[in-house]
Amino acid sequence: MNRTDADVIDPVRHAALARLAEVTVAAVSHVSAASLRSPRRGRRPIALARQTAMYLAHVAFGLTFTRVGICFGRDRTTVRHACVLIEDRRDDPTLEFALTALEAGLLALTHALAVETLAEVRS
């Protein structure tokens, strides 16, 4: 079975998208991105930021629980748990607004980068 370019690019692209969600959440949460990648759970603000980043990677970018887990060094069931927790918290209007804004910003940024990359390839 031959590997195609898509087989190689997709995991790299998925990891890049997960890192984008991670650094975005780290910046708005005022925690280090390195602490989100730590194999340890960390204190509550770090765990919540990691759960939020995993949620955004899944919801905004459509990554599977398994792929998000690989990108964050966690099990897919941990990602599922994080997504359930964050989804339940969306009942808070302030958090709903913040998550919606983060999702929109991440999608706009990835779209802009994709358009710019396509323009460079064509020139």
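Everything that follows concerns the structure shown earlier in this document.
All figures in this text were calculated on a predicted structure; none of them were measured in a lab.

## Regarding a negative patch on the surface
Here is step 1 of the chain: On the surface, E87, D88, D91 and D92 cluster together into a negatively charged patch.
Here is step 2 of the chain: Relative to the assigned elements, E87 resides in helix α5 (residues 76-89).
Here is step 3 of the chain: A residue is classified by how much of its surface remains accessible, and E87, at 42% relative accessible area, is partly exposed.

## Looking at the packing of helix α3 (residues 44-59) against helix α4 (residues 65-72)
Here is step 1 of the chain: Following both chains from N to C, one finds α3 and α4 inclined at 135 degrees, their axes separated by 9 Å at the closest point. One way to sum up the angle between α3 and α4 is to call them oblique. Our pair here, α3 against α4, has a crossing hand that is right-handed. Here R50, A53, M54, A57 and H58 of α3 lie close against α4, whose contacting residues are F65, V68 and F72.
Here is step 2 of the chain: Taken together, the residues that form the contact of α3 with α4 break down as six nonpolar, one polar and one charged.

## Let's talk about α4
Here is step 1 of the chain: Of all the positions in α4, only V68, G69, C71 and F72 are classed as buried. In an axial view of α4, the angular spread of the buried residues amounts to 165 degrees, which keeps them on one side of the axis.
Here is step 2 of the chain: G73 lies just past α4 and shows a positive phi near 70 degrees.

The rules behind the values
Residues numbered from 1 in each chain as written. Predicted model: local features only at pLDDT ≥ 70, side-chain atom pairs only at ≥ 80, totals over all residues. Heavy atoms only, no water. Patch = residues over 30% accessible without salt bridge, like charges linked within 9 Å, V, L, I, M, F, W, Y side chains within 5 Å. Areas by Shrake-Rupley, 256 points an atom, 1.4 Å probe, with all protein chains shown as cover. Salt bridge = Lys/Arg side-chain N within 4 Å of Asp/Glu carboxyl O. Lys, Arg positive; Asp, Glu negative; His and termini not counted. Charge placed at Lys NZ, Arg CZ, Asp CG, Glu CD. Helix = DSSP H or I, 4+ residues; strand = E, 2+ residues; numbered from the N terminus. Buried < 20%, exposed > 50% of the residue type's maximum accessible area, 1.4 Å probe, protein only. Axes fitted to C-alpha atoms, helices over the stretch in contact; angles between N-to-C directions. Parallel < 35°, antiparallel > 145°, perpendicular 65-115°, else oblique. Left-handed = near helix turned anticlockwise from the far one by under 90°. Contact = heavy atoms within 4.5 Å. Nonpolar A, V, L, I, M, F, W, Y, C, P; charged D, E, K, R; others polar. Arc of directions from axis to C-beta.

Shape is all these values report; function is a separate question.
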